[in-house]
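# Survey of secondary and tertiary structure
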Amino acid sequence: MTTSPAETKTGLRLGLATLAVTGCLAALLVAGLPVRAADSDPVLAKVNGSEIRASDVALAEEELGPSLAQMDPSTRKDNVLAFLIDMKIVSKAAEDKKIENSDDFKKRLAFTRNRLLMDSLLASEGKAATTDDAMKKVYDEAAKQITGEQEVRARHILVETEDEAKAIKAELDKGADFAELAKKKSKDPGASDGGDLGFFTKEQMVPEFSAVAFTLEPGKISDPVKSQFGWHIIKVEEKRNRKAPDFAQVKSQIETYVTRKAQADYVAKLREAAKVERMDTAKADDAAKPADAAKDASKDAPKPADNKMAPAKK
């Protein structure tokens, strides 16, 4: 079949038009990419032609952290941007004065570089270690140690002298309400809650208190008990076998523990392979050991949360 010159021209026109539209679209897409990328990190200020972007403000906020905690977001951003502007101006003045050539500056720069390298690598190692499996393993091990341990929920009335304690016990023996007497006469900060201490284990209380609380049956009231805090009258409300908290409740603690332990172990491994020579007068055994960091990390291991903190607790 032959095609007429008119059809050929029309087809050619349509083809060129389509090509032109496609070309324009491609050009728009290509041209649009850098615009969107720039918009995601906009320039917020220029100092003598040097740009300060949103990412610079975010980094400064991260570094300045604690000093900005009390500011609302808009005030914080404005202050950080003003700080970066001043930093640009002053650092340029320092360059003009050749400050970077001084020995002190070079030492501080080397220290800061090493510190940043160390922090960045340890952050990376810690992040890599906090897998779901690793955190679940730590949780399961901690849960095994907790589950089955007995705990008691009790109230107490705390007073200064034995005579006061005996007088309160006499009122209770006559049928006075324990919680109401605690509110009126106990010097414990938890008196407003009727002396309720929540659930606790033996180790969470001083020995004199635990020895009595864990022998009383629920509903029973003790005779006066002396501890370093004064004289107690104790009423046991309930006893139960302790249960581990839900994983979600302690996930942040577990994450911190796993992170710090991984970092401590990594430092210990590097230190074993390094040749370290101490030239000072301190004994080698007195030098800080990586194992100490691991011990510190263990302090952050997840523990079941206490319902309340009582003065009688250790």
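These notes cover the structure that comes with them. (Residues numbered from 1 in each chain as written. Predicted model: local features only at pLDDT ≥ 70, side-chain atom pairs only at ≥ 80, totals over all residues. Heavy atoms only, no water.)

Our next topic: the nonpolar core. Formed by 13 residues in total, the largest nonpolar core has its most connected members in V152, F200, F209, A213 and I234. Residues within four places of V152 in sequence aside, it is in contact with G198, F199, F200, A213, F214, V236, E238 and K239. One finds I157, V159, A165 and F178 within the second-largest nonpolar core, a separate group that totals 10 residues. (Core = buried A, V, L, I, M, F, W, Y, C linked by side-chain atoms within 4.5 Å. Buried < 20%, exposed > 50% of the residue type's maximum accessible area, 1.4 Å probe, protein only. Contact = heavy atoms within 4.5 Å.)

Below, the discussion takes up the pairing of strand β2 (residues 50-53). Looking at chain direction, strand β1 (residues 43-47) and β2 are connected through four bridges and run antiparallel. In the strand pairing of β2, V43 is matched with R53. Hairpin connection, β1 to β2: the antiparallel pair is bridged by two residues, and N48 has positive phi, about 50°. (Pairing = 2+ DSSP bridges. Helix = DSSP H or I, 4+ residues; strand = E, 2+ residues; numbered from the N terminus.)

Closest axis-to-axis distance for the helix α5 (residues 132-146)/helix α9 (residues 247-273) pair is 9 Å, and the angle between their directions is 110°. Relative to α9, α5 is oriented roughly perpendicular. For the pair formed by α5 and α9, the contact residues are A134, M135, K136, V138 and Y139 on the first element and F247, V250, K251, I254, E255, Y257 and V258 on the second. Its residues placed into classes, the contact of α5 with α9 shows nine nonpolar, no polar and three charged. (Axes fitted to C-alpha atoms, helices over the stretch in contact; angles between N-to-C directions. Parallel < 35°, antiparallel > 145°, perpendicular 65-115°, else oblique. Nonpolar A, V, L, I, M, F, W, Y, C, P; charged D, E, K, R; others polar.)

Read across the sheet, four strands follow the order β4-β3-β6-β5 without closing on themselves; strand pairing throughout is antiparallel. The strands lining the two open edges of the sheet, one partner per strand, are β4 (196-200) and β5 (225-227). Across the sheet, the mean angle from the axis of one strand to that of its neighbour is 40°, orientation sign disregarded. Taken together, the three bridges between β5 and strand β6 (residues 230-241) define a ladder with antiparallel strand orientation. The residue bridging S227 from the neighbouring strand is G230, located in β6. Those strands touched by helix α6 (residues 162-173) are β3 (150-159) and β6, and its axis lies near 50° from that of β6. In this fold helix α7 (residues 178-185) packs onto β3 and β6, with an angle of close to 50° to the strand it touches most, β3.

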